[in-house]
Amino acid sequence: MKLKPTIALSAAGLLFNPATGDSFSANPVALEILGLLREDAAPEAAKTAVLARYEVEAHQLDKDWDDLVAQLRQHDLLDS
Amino acid sequence: MNPARPRLTVALTGLNAVDSPGPGVAVARALRESPAYDVRLIGLSYEALEPGIYLPDLFARSYQLPYPSAGTAALRTRLLEIHEREQLDVIIPNFDAELYNFGRLAPELAAHGIHTFLPTAAQLEMRDKLNLAAFGAEHGLQVPADMRLFGVADIPKAAAQLGWPLVLKGRYYDATVCHTPAQAEQAFWQLQARWGAPVLAQQFVAGQEINVAGLADGRGGLLSAVPMRKLFITDKGKAWAGITIADDALPALARRFAAATRWRGGFELELMRTAAGELFIMEINPRFPAWIYLAVGAGHNQPAALLQLARGEAVSDFNEYAVGKMFVRYAWDLVVDNADFQQMASVGEL
């Protein structure tokens, strides 16, 4: 799972899809995850990194992760 | 005046910068930024309240033209009158309906030293909205199915063929999405009264509205294509804000159009991208769009290049355009003296 390489991601958490002209904003945690996805990190490795940094239960992270990925897919921001 | 750039006097129409705007003011702004010429602009209007007339920083003078329905002879007389006073170098007409008359006069204008770079009558016909479906079929371009309506009695047949909702379009401008027979009848009468018969019924295509502003060299080559996605659409369906986007399929489509038609000059492809990713050509406008200044902002000054084409100069393909450039249109109240309006309305020039 990887963020499309054409997607512009700013340090302030703004995403821009140049193919559609769509813009989105991400909160700091989502921004961190998007950064990992940009590096083509495996989902499990990315989740482990988030669990290590934030006080969050694994089941809650799984749920939020699935939500985020669904949104990214819906807006055609993922390569695969 | 920049002494490095030769002075050129250019007349153009489409000064109606209103809620359904003509492209003239945007084209004028682009021409003022021509890297090749120091452009002096002459406005050509049809109505005394076209806002561009009252922009003296843009237009040195403005003159009223006879309506296209007055014919070629009346237009010729008026243009030569204006030429005698202003020594025009180039004319850029910006309305669909006037292009036939200007095209017929082009050789005569050229003999007077007035250059144009216009699509031919055959090119205008093939992309005419009444012929668009046949054009698409001939060139393998995806175009919504349509049917000509000559009376309200044709509406049930159109609905049976094309389904609901139906899009009813005027001969030159305006479109209405109709969800019921009653809406379709009302739209038919309104469109016929305004633009004449036939009215066009078109298959409704849902999706994202994307437009491409293009410039072609008349020999089958595309010089520039700048795609824009509409971000804010007015109740008249006009883009009030938009953003340049990167999608190789869009310039490729413009290139196919330019090659298939050997198009001369500016054009606009009005497209719809469906959720499945299909691209439909909804309309092809034979002139620059009202948002053409966005293309300038993205690095493609198509109107300035058109000047060079009109003067027979070589124009190279543009390089990449800037992606993510946005335009946001605004309304601005011009305060003018009533005497100026009276002069334009009565004498036909200002």
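Residues numbered from 1 in each chain as written. Chains lettered and ligands numbered in written order. Predicted model: local features only at pLDDT ≥ 70, side-chain atom pairs only at ≥ 80, totals over all residues. Heavy atoms only, no water.

- Chain B appears in an unreviewed UniProt entry as ATP-grasp domain-containing protein from Hymenobacter aranciens.

- Under an unreviewed UniProt entry, chain A has the name PqqD family protein and belongs to Hymenobacter aranciens.

### Describing the overall build of chain B
Piece 1. Of regular secondary structure, chain B possesses 11 helices and 14 strands.
Piece 2. A principal-axis box enclosing the C-alpha atoms of chain B has dimensions of 60 × 45 × 40 Å.
Piece 3. Within chain B, buried positions represent 53% of all 350 residues.
Piece 4. Restricting the contact set of chain B to residue pairs at least 6 apart, pairs at least 24 apart contribute 65%.
Piece 5. Here chain B displays about 15,100 Å² of accessible surface, and carbon together with sulfur accounts for 52% of that area.
Piece 6. In chain B, which carries 31 positive and 36 negative side-chain charges, the distance between the mean positions of the two groups comes to 3 Å. (Helix = DSSP H or I, 4+ residues; strand = E, 2+ residues; numbered from the N terminus. Buried < 20%, exposed > 50% of the residue type's maximum accessible area, 1.4 Å probe, protein only. Contact = heavy atoms within 4.5 Å. Areas by Shrake-Rupley, 256 points an atom, 1.4 Å probe, with all protein chains shown as cover. Lys, Arg positive; Asp, Glu negative; His and termini not counted. Charge placed at Lys NZ, Arg CZ, Asp CG, Glu CD.)

### Some thoughts on empty space enclosed by the protein
Once rolled over the atoms, a probe with the size of a water molecule shows which space is left empty.
All names here are of chain B.
Piece 1. Taken as a whole, this structure holds three cavities of 30 Å³ or more when the rule is applied.
Piece 2. Computed from the structure, the largest cavity encloses a volume of approximately 120 Å³.
Piece 3. What lines the largest cavity is a set of 16 residues, among which I92, P93, F117, L118 and L306 lie closest to the centre.
Piece 4. Considering every element that reaches the lining of the largest cavity, the biggest residue donor is strand β4 (residues 90-92), with three residues.
Piece 5. Of the residues assigned to the lining of the largest cavity, the class counts are 12 nonpolar, three polar and one charged.
Piece 6. The space that makes up the second largest cavity amounts to roughly 90 Å³.
Piece 7. Lining the second largest cavity are D96, Y100, R127, D128, K129, R171, Y172, E283, I284 and N285.
Piece 8. Sort the elements by how many residues they give to the lining of the second largest cavity and strand β13 (residues 279-285) lands first, with three residues.
Piece 9. In the lining of the second largest cavity, the residues fall into three nonpolar, one polar and six charged. (1 Å grid on protein atoms, 1.4 Å probe; cavity = no way out; pocket = protein on both sides within 12 Å on 5 of 7 lines; lining within 4 Å. Points joined across faces, edges and corners; volume = space filled by probe spheres on them. Nonpolar A, V, L, I, M, F, W, Y, C, P; charged D, E, K, R; others polar.)

### Digging into the UniProt feature "domain: ATP-grasp" (unreviewed entry) in chain B
Piece 1. Within this numbering scheme, the UniProt entry marks residues 133-311 of chain B as carrying the feature "domain: ATP-grasp" (unreviewed entry).
Piece 2. Between the C-alpha atoms that bound residues 133-311 of chain B the distance is 34 Å, and the span itself is 32% helix and 35% strand. (UniProt positions renumbered as here; feature names shortened; annotations may be inferred.)

### A closer look at the packing of helix α2 (residues 72-86) of chain B against helix α3 (residues 99-111) of chain B
Any two packed helices are characterised by the angle at which their axes cross and by the distance between the axes.
All names here are of chain B.
Piece 1. Following both chains from N to C, one finds α2 and α3 inclined at 50 degrees, their axes separated by 10 Å at the closest point. Considered as vectors, α2 and α3 are oriented oblique to each other. Of the two elements, α2 crosses α3, and the hand of that crossing is right-handed. For the pair α2 and α3, the contacting residues are T72, L75, R76, L79 and L80 in the first and N101, F102, R104, L105, E108 and L109 in the second.
Piece 2. In terms of residue class, the contact of α2 with α3 is built from six nonpolar, two polar and three charged. (Axes fitted to C-alpha atoms, helices over the stretch in contact; angles between N-to-C directions. Parallel < 35°, antiparallel > 145°, perpendicular 65-115°, else oblique. Left-handed = near helix turned anticlockwise from the far one by under 90°.)

### Observations regarding the packing of aromatic side chains
Residue and element names in this part refer to chain B.
Piece 1. The full count for this structure, using the stated rule, is eight aromatic pairs over all chains.
Piece 2. Considering the side-chain rings of Y46 and F95, the 5.8 Å spacing of their centres and the 55 degrees angle between planes classify their relative orientation as tilted. Residue Y46 is located in the loop between β2 (38-45) and β3 (61-64), and its partner F95 is located in the loop between β4 and α3; the two are separated by 49 residues in the primary sequence. Both residues of the pair, Y46 and F95, belong to the buried class.
Piece 3. Taking 6.1 Å as the distance between ring centres and 75 degrees as the angle between the ring planes, the aromatic pair formed by F135 and F257 counts as edge-to-face. Here F135 is found in helix α5 (residues 132-139), whereas its partner F257 is found in helix α8 (residues 249-261), with 122 residues between them in sequence.
Piece 4. Using a relative accessible area of 3% as the deciding quantity, one classes F135 as buried. (Phe/Tyr/Trp six-rings, centres within 6.5 Å; stacked < 30°, edge-to-face > 60°.)

### A few points about the domain arrangement of chain B
Piece 1. Here chain B is partitioned into domain 1 (7-116 + 335-347) and domain 2 (145-203).
Piece 2. On a C-alpha basis, the centres of domain 1 of chain B and domain 2 of chain B stand 33 Å from each other. (Domains from an automatic or database assignment.)

### Thoughts on the environment of D248(B)
Residues and elements named next belong to chain B.
Piece 1. Here D248 lies in the loop between β11 (239-244) and α8.
Piece 2. Its relative accessible area of 71% is what places D248 among the exposed residues.
Piece 3. With 193 residues separating them in the primary sequence, D248 and L55 have C-alpha atoms 38 Å apart.

### A few points about the interface of chain B and chain A
Piece 1. Tallying the contact residues gives 10 residues for chain B and six residues for chain A.
Piece 2. Taken together, both faces of the contact between chain B and chain A bury some 510 Å²; the carbon and sulfur share is 50%.
Piece 3. It is R229(B), I245(B) and A246(B) that lose the most area in chain B upon contact with chain A, and together they represent 52% of the buried surface on that side.
Piece 4. Linking chain B with chain A are one salt bridge, by the criterion used here.
Piece 5. Remark: the boundary between chain B and chain A carries three residue pairs in polar contact (both at pLDDT 80 or more).
Piece 6. Here the residues of the side of chain B that touches chain A sort into five nonpolar, three polar and two charged. (Buried area = accessible area lost by both parts, 1.4 Å probe. Salt bridge = Lys/Arg side-chain N within 4 Å of Asp/Glu carboxyl O. Polar contact = N/O pair within 3.5 Å; in protein donor to acceptor, adjacent residues only side chain to side chain.)

### Section: helix α7 (residues 181-195) of chain B
In an α-helix, one full turn covers 3.6 residues, which means residues spaced three or four apart are oriented alike.
Residue and element names in this part refer to chain B.
Piece 1. Under the 1.5 Å per step criterion, the end-to-end length of α7 is 20 Å for 15 residues, consistent within 8% with the ideal 21 Å.
Piece 2. Tucked into the core, α7 has its buried residues touching β5 (146-149), α6 (155-162), β6 (166-169), β7 (175-178) and β8 (199-203).
Piece 3. The first or second residue beyond α7 is G196, which carries a positive phi of 85 degrees. (Expected span 1.5 Å × (residues − 1).)

### So, the side chain of T20(A)
Piece 1. With respect to the helices and strands, T20(A) occurs in the loop between β2 (14-17) and β3 (22-25).
Piece 2. A polar side-chain atom of T20(A) sits 3.1 Å from a polar atom in the side chain of D22(A).
Piece 3. Aside from chain neighbours lying at most four places away, what touches T20(A) is Q208(B), R229(B) and I245(B).

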